[in-house]
Amino acid sequence: QVQLVESGGGLVQPGGSLRLSCAASGSICSFYTIGWARQAPGKQREPVATITSGGRIDYADSVKGRFTIARDKATNTVLLQMHSLKPEDPAVYYCHGVSLESTSWGQGTPVTVSS
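Just so it is clear, the model here is predicted, and its values are computed rather than measured.

It is not clear to me how the state of the cysteines should be interpreted in this structure. Could you clarify?
Each disulfide consists of one covalent bond between the sulfur atoms belonging to two cysteines. Within the structure shown, the criterion is met by 1 disulfide. Here Cys 22 engages in a disulfide with Cys 95; their sulfurs sit 2.1 Å apart. Handedness of the Cys 22-Cys 95 disulfide follows from its S-S torsion of about -80 degrees: it is left-handed. Taken together, the residues Cys 22 in strand 3 (residues 18-24) and Cys 95 in strand 9 (residues 91-98) connect sequence positions 73 residues apart. Assessed through its relative accessible area of 1%, Cys 22 is described here as buried.

Where do I start with the pairing of strand 7 (residues 67-72) in this structure?
Here 6 bridges tie strand 7 to strand 8 (residues 77-82), and the two strands are oriented antiparallel to one another. Each residue of the ladder has a partner; that of Thr 68, found in strand 8, is Gln 81. Following strand 7, the chain reverses through 4 residues before pairing antiparallel with strand 8; Asn 76 in that reversal takes a positive phi of roughly 55 degrees.

Rules of the game
- Residues numbered from 1 in each chain as written.
- Predicted model: local features only at pLDDT ≥ 70, side-chain atom pairs only at ≥ 80, totals over all residues.
- Heavy atoms only, no water.
- Disulfide = S-S within 2.5 Å.
- Helix = DSSP H or I, 4+ residues; strand = E, 2+ residues; numbered from the N terminus.
- Buried < 20%, exposed > 50% of the residue type's maximum accessible area, 1.4 Å probe, protein only.
- Pairing = 2+ DSSP bridges.

See the structure below:
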């Protein structure tokens, strides 16, 4: 099973930017969907952005226009560029990939938005 490891989380001021990175231990082409989800304290995990093997991208309405997902097949990395971060964005952000056999999740990276 391909392992996923996130990095890049941290503390940022409202309106600031962060870039999250998800490194896969194997080829991300093994996933037919790969992307990001987040879970805030006391809330359910929710999808943020996904990209299919065919290149279709979907964003949650709450992040459209502010977040951008991108993949690099050469380095087996999936990025989430986040701009204009808002007080409602703090959460643990998880990378996930869905293949025919299973769904893989990373351990998560926390994002805090505070002045």
